[in-house]
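Below, each chain spelled out in residue letters.
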Amino acid sequence: MLWWHWLVIGLILVALEMAASGGFYVIFFGIAALAIAGLHLFDAAGPVWVQLLLFSLISVGSLLFFRTRLLKWLQLDQVAPDVDSLVGDTALPLEDIPAGGVGRAELRGTVWSARNRDSKTIERGQRCKVVEVDRLMIFLKPESERP
């Protein structure tokens, strides 16, 4: 293979990584192809089988060694916080929920799984505040009664 073949392959792979939604997999193969193109320019790449071996070693090695560090550095492996928090909203239980128990509650027109965080039973239709959200489970406490 000629040096410009490796250059074209590398640029295509880097462009594919940029066009993809991310994950940082293909870019390491593109960088390895660019490295082989550079080695080939200085006549250090050797025959085709050595070029393919170097390409494989560089791409897989850099993928295994650098991908995790790159994700941590860019902070892409962290879970994004909820954009729209439900904490503090009012929910209405659709059934009696015993202390510490799980039931169903309506919140913003949708039925949710709800866990009672209070020491007393929450009765059906009693207004409750959402105190925590964990995936598809809301945690409720009854609203304080006002005179």
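These numbers come from a predicted model, not from an experiment.

Caption draft 1: Broad picture of the pairing of strand β5 (residues 137-142). Note: strand β3 (residues 110-116) against β5, four bridges, orientation parallel. Along β5, the bridge assignment pairs N116 with L140. Note that strand β4 (residues 128-134) and β5 share six bridges and pair antiparallel. The partner of V133 across the bridge, within β5, is I138.

Caption draft 2: Structural context of helix α3 (residues 48-74). Its maximal kink placed at F66, α3 deviates by approximately 40 degrees. When α3 is considered as a whole, its buried residues turn out to be Q51, F55, S59, S62, L63, R67 and L71. Check the buried side of α3 and you find it contacts α1 (3-19) and α2 (26-41). Just beyond α3, the residue with positive phi is Q75, at close to 55 degrees.

Caption draft 3: Quick peek at the side chain of Q51. Considering the arrangement of structural elements, one finds Q51 in helix α3. When near neighbours in sequence (up to four residues on either side) are disregarded, Q51 contacts M1, W6, I36, H40, A45 and G46.

Caption draft 4: How the structure looks around the sheet that holds β4. Pairing is mixed in the closed barrel, where five strands are placed in the order β1-β2-β3-β5-β4. Between one strand and the next, the sheet's axes are offset by a mean angle of 55 degrees, whatever the strand orientation.

Caption draft 5: The arrangement of the packing of α2 against α3 in detail. The contact between α2 and α3 brings their axes to 8 Å, and the two run at 135 degrees. Compared by their axis directions, α2 and α3 come out oblique. For the element pair α2 and α3, the recorded crossing hand is right-handed. Here α2 contributes F28, F29, A32, A33, A35, I36, L39 and H40 to the contact with α3, which in turn contributes Q51, L54, F55, I58, S59, S62, L63, F66, R67 and L70. Looking at the contact of α2 with α3 residue by residue, the class counts come to 13 nonpolar, four polar and one charged.

About the criteria used
- Residues numbered from 1 in each chain as written.
- Predicted model: local features only at pLDDT ≥ 70, side-chain atom pairs only at ≥ 80, totals over all residues.
- Heavy atoms only, no water.
- Pairing = 2+ DSSP bridges.
- Helix = DSSP H or I, 4+ residues; strand = E, 2+ residues; numbered from the N terminus.
- Bend = angle between axes of the 7 residues up to and from the residue.
- Buried < 20%, exposed > 50% of the residue type's maximum accessible area, 1.4 Å probe, protein only.
- Contact = heavy atoms within 4.5 Å.
- Axes fitted to C-alpha atoms, helices over the stretch in contact; angles between N-to-C directions.
- Parallel < 35°, antiparallel > 145°, perpendicular 65-115°, else oblique.
- Left-handed = near helix turned anticlockwise from the far one by under 90°.
- Nonpolar A, V, L, I, M, F, W, Y, C, P; charged D, E, K, R; others polar.

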